[in-house]
Amino acid sequence: MDSNHQSNYKLSKTEKKLLRKQIKARHTLLRHEGIETVSYATQSLIVANGGLGNQVSRNQLLPVLEKCGLVDALLMPPNKPYSCVRYKTVEESKKAYDTLNGKEIVDDLGQKIILYLNFVEKAQWKELGLQALPPGLKVIEEIISSEDEKMLLESVNWTEDTENQNFQKSLKHRRVKHFGYEFHYENNNVDKDKPLPGGLPDICESILEKWLKEGFIKHKPNQLTINQYEPGHGIPAHIDTHSAFEDEIISLSLGSEIVMDFKHPDGMTVPVMLPCRSLLVMTGESRYLWTHGYVLRCYPLVCDSQMKETPASFPESDKEALQLEQDYVHRVYEEIARHFSSTRHTPWPHIVEFLKALPSGSLVADIGCGNGKYLGINNELYMIGCDHSQNLVDICRERQYQAFVCDALAVPIRSGSCDACISIAVIHHFATAERRVAALQELVRLLRPGGKALIYVWAMEQEYNKKKSKYLRENRTSQGMKEEISNDASVQELLVKQLPNVGNQDSAHSVSSINDFQSGGCNSKNVANSKLPIHTNRTSFHSQDLLVPWHFKGNPGKDKRVEPFGPLGSRDPGPVFHRYYHVFCEGELEAACRTLNNISILQSYYDQGNWCVILQKV
């Protein structure tokens, strides 16, 4: 029903009811949100009831809106019962107004929701409840002129260098060009010893010099990736890899504006508007702790450094994360428990040192105890273990240890009752930053004031201080030693980063753009529907979220006596299972711990391919 023609005919009873609801939505938006609607058609619409506060997700709403035309941008403020959509043309916006008013959709909880749409002026777009920016994040609007934007866009010749893969590539949903250094998508890294000829384009050099001189950026980048996207593609939520670049990451948006969603581990979401010709600068907490992502609805061009794209199957909700963990963690450990246990017998020295330093009589909980190899380290302690796997807990009981089955996010032990907790190679199995922080919070809940927790997670950096971890040094087919670190390459990120210590320079930097995701191949029976990358064992990590193969020996789930692989893997190959892991970059575990209340970090260190933290409840 077009608002400009409502008076030309008599409304039916249903249309009158719809109009009353629509008017009520208008008044509610004005009274409670200060959003003023207009009676004439514009490119932008407020969608009442179509918001995150109504349990309506972007994935549910966007396809409905796109049936009416090309969506230029969709803004969904956190905890609000409305969203704002802008179409490419006024005609498409009018079509949505006429078609979708009164339309019924189903929210995340299965409840029916009715949408009510009203036009708003473009000026309202920036007034839709956007929160303060995450710490360390800056957005500088109109950093270049429209003339400079036009020159930058026209300077990119996509017909050049089609034979030279060092300069230009066509990837899924986008085209990319590299300058300064090539970004290698096969391992998500750059070769710092092989700069590309020509450096950065002259037009970029002059702009970067100006930004540096005026204090908008601290370092001049020396690597540039230009990405051109197809409509409807963007980047799922992720945190940029830490290892290849320095602190500052910048991104210049050309051709269109976008909304980027930043999400804190505690669940708070901040949508950030990036207008056309604006510069995004990420440092500190906004880069290392908050996830960020967006969906692109236009043909933007952004300057960016490497990115690690998030696999298509990366969970976008707690429900999806739980299912991923169920399929690629819990079920796998139930199947491989006996074989897994046969390879887990040597305690790690620093963990033994922690346990033996605790006062006699201390009550200690091992959360995610596996086969219980740490439960008998110090007979002066009262130790209890728990694990999600019934079969692993059965092994603990066979060894006369106290252990029970539970979820690490809900441990049935009284709050404040433990003198110490350990969590060894567990938290990296949780599929979202929020769930990983929740697992850390559960450890703190169990501790008494003054109690300590030791936490180990797999490290992205398997070569640290120019020394390879034992995991890399022992390039063998056996799955012994540590909880078998591994990875694959198929994740990219949006943003600008600095290459540390390139050539003779003290540091290097890059200007970044927006990368889309490619899926890694899957080749095993429990990987059929997953597009997470599959790691090649005993190699360096190139993706933070991945599937790690477990080559099984014996009868899955039933074999009571399993022998580990021989030194040459001479036995007949068994089935291959895959476990989900999120490997942590340097500083990531410590940053996650610092989001918790009432704790202090006593020690943070690297131990043979693991990042480790000792924290104390205060």
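This text goes with the structure placed above it.
All of these numbers come straight from a predicted model, not from anything done at the bench. (Residues numbered from 1 in each chain as written. Predicted model: local features only at pLDDT ≥ 70, side-chain atom pairs only at ≥ 80, totals over all residues. Heavy atoms only, no water.)

Describing unusual backbone geometry
Inference 1: A positive phi angle, near 50°, is found at Glu 142, a position not held by glycine.
Inference 2: Assignment of secondary structure puts Glu 142 in the loop between strand 7 (137-140) and helix 4 (146-155).
Inference 3: Glu 142 sits in the partly exposed class, given a relative accessible area of 49%.
Inference 4: The backbone of Ala 425 sits at a positive phi, close to 55°, despite the residue not being glycine.
Inference 5: Mapping Ala 425 onto the fold places it in the loop between strand 23 (418-424) and helix 10 (433-446). (Helix = DSSP H or I, 4+ residues; strand = E, 2+ residues; numbered from the N terminus. Buried < 20%, exposed > 50% of the residue type's maximum accessible area, 1.4 Å probe, protein only.)

What to know about helix 8 (residues 349-356)
Inference 1: When helix 8 is considered as a whole, its buried residues turn out to be Ile 351, Val 352, Phe 354 and Leu 355. Take helix 8 and look down its axis: the buried residues cluster within an arc of 160°, on one side only. Looking at helix 8, the residues exposed on the side facing more than 90 degrees away from the buried face are Pro 349, Glu 353 and Lys 356.
Inference 2: Considering only its buried residues, helix 8 is in contact with strand 20 (363-367), strand 21 (382-387), strand 23, strand 24 (447-458) and strand 31 (610-617). (Arc of directions from axis to C-beta. Contact = heavy atoms within 4.5 Å.)

Details of empty space enclosed by the protein
Inference 1: Within the structure shown, the criterion is met by five cavities of 30 Å³ or more.
Inference 2: In this structure, the largest cavity occupies an estimated 100 Å³ of space.
Inference 3: For the largest cavity, the lining is made up of 13 residues, of which Ala 433, Arg 436, Val 437, Glu 588 and Ala 592 are closest to its centre.
Inference 4: When residues of the lining of the largest cavity are traced back to their parent elements, those giving at least two are helix 10 and helix 12 (588-594).
Inference 5: For the lining of the largest cavity, the leading source of residues is helix 10, giving four residues.
Inference 6: Here the lining of the largest cavity is built from residues that sort into 11 nonpolar, no polar and two charged.
Inference 7: Per-domain counts for the lining of the largest cavity show at least three residues from each of domain 2 (137-308) and domain 3 (318-465 + 583-617). (1 Å grid on protein atoms, 1.4 Å probe; cavity = no way out; pocket = protein on both sides within 12 Å on 5 of 7 lines; lining within 4 Å. Points joined across faces, edges and corners; volume = space filled by probe spheres on them. Nonpolar A, V, L, I, M, F, W, Y, C, P; charged D, E, K, R; others polar. Domains from an automatic or database assignment.)

What about the sheet that holds strand 2 (residues 71-75)?
Inference 1: Taken in spatial order, the four strands make up an open sheet running 2-3-1-6, and their pairing is antiparallel. Either end of the sheet is taken by a strand with one partner, and the two such strands are strand 2 and strand 6 (116-120). The sheet shows a mean angle of 25° between the axes of neighbouring strands, direction not considered.
Inference 2: In this structure, strand 2 lies alongside strand 3 (residues 82-87), joined through four bridges in antiparallel fashion. Looking across to strand 3, one finds that Val 71 is bridged to Tyr 87.
Inference 3: Here helix 2 (residues 58-66) sits on the sheet and contacts strand 1 (44-48), strand 2 and strand 3; the angle it forms with strand 2, its principal contact strand, is near 150°.
Inference 4: Against the sheet, helix 3 (residues 90-100) touches strand 1, strand 3 and strand 6, its axis set at about 155° to strand 6. (Pairing = 2+ DSSP bridges. Axes fitted to C-alpha atoms, helices over the stretch in contact; angles between N-to-C directions.)

Looking at the packing of helix 7 (residues 318-342) against helix 9 (residues 390-398)
Inference 1: Orientation of helix 7 relative to helix 9, taken along the N-to-C sense of each, is 35°, at an axis distance of 7 Å. Residues Tyr 333, Glu 334, Ala 337, Arg 338, Phe 340 and Ser 341 of helix 7 form the contact with helix 9, whose participating residues are Gln 390, Asn 391, Leu 392, Ile 395 and Glu 398.
Inference 2: Counted by class, the contact of helix 7 with helix 9 contains five nonpolar, three polar and three charged residues.

Notes on the environment of Leu 208
Inference 1: When you line up the elements, Leu 208 lands in helix 5 (residues 202-213).
Inference 2: Residue class for Leu 208 comes out buried when judged on its relative accessible area of 3%.
Inference 3: Taking the C-alpha atoms as reference points, Leu 208 and His 219, 11 residues apart in sequence, are found 9.1 Å from one another.

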